[in-house]
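Below, each chain spelled out in residue letters.
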Amino acid sequence: MRKYSQFKDNYLKNTIIKNSNNSHIKIIDKKTCREQCDKKPCTYYCPTGVFFWLKEEKQIKVDYKRCVECGACPLGCPHENIKWTFPPGGYGVKYQF
Ligand code: SF4
Ligand code: SF4
């Protein structure tokens, strides 16, 4: 599994993200992550590393402020265990090219 480092990986250098205070991404059932999902694919298919596994707490952490709204997470979870919506109006990602 990819080792995630929020501070070393600069995936977001061409983006501006205006964050709301509330996450637009939710894990529906944490027990499913813990007990039924050995490979935890969300921790490597998300392009910006929003999801990572906290070994000691035995749960997925969702760093929603890194989301670039690609829409992949609800499709990639084999247990349909991620509830994803767009951020509320006025918030979310803007790209700079
Ligand atoms: S892929 Fe889905 S079930 Fe597996 S750890 Fe991630 S959110 Fe949980
Ligand atoms: S929508 Fe894309 S960028 Fe956002 S959390 Fe899901 S996979 Fe990651």
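Residues numbered from 1 in each chain as written. Chains lettered and ligands numbered in written order. Predicted model: local features only at pLDDT ≥ 70, side-chain atom pairs only at ≥ 80, totals over all residues.

Draft legend 1. Quick look at the pairing of strand 3 (residues 51-54). Inspection of the sheet shows strand 3 paired to strand 4 (residues 59-62) by 4 bridges, in the antiparallel sense. Bridging from a neighbouring strand, tryptophan 53 pairs with isoleucine 60 of strand 4. What sits between the antiparallel neighbours strand 3 and strand 4 is a turn of 4 residues, in which lysine 58 has the positive phi angle 55 degrees. (Pairing = 2+ DSSP bridges. Helix = DSSP H or I, 4+ residues; strand = E, 2+ residues; numbered from the N terminus.)

Draft legend 2. Broad picture of the site of ligand 2. In the vicinity of ligand 2 there are 13 residues, among which Cys46, Val50, Cys67, Cys70 and Cys73 approach most closely. A breakdown of the residues in the shell around ligand 2 according to their chemical character gives 10 nonpolar, 2 polar and 1 charged. (Near = placed C-beta within 6 Å. Nonpolar A, V, L, I, M, F, W, Y, C, P; charged D, E, K, R; others polar.)

Draft legend 3. Structural detail: the site of ligand 1. Neighbouring residues of ligand 1: 13 residues in total, closest Cys33, Cys37, Cys42, Cys77 and Asn81. For the shell around ligand 1, the class distribution of residues is 9 nonpolar, 3 polar and 1 charged.

Limitation: the analysis is restricted to geometry and does not speak to function.
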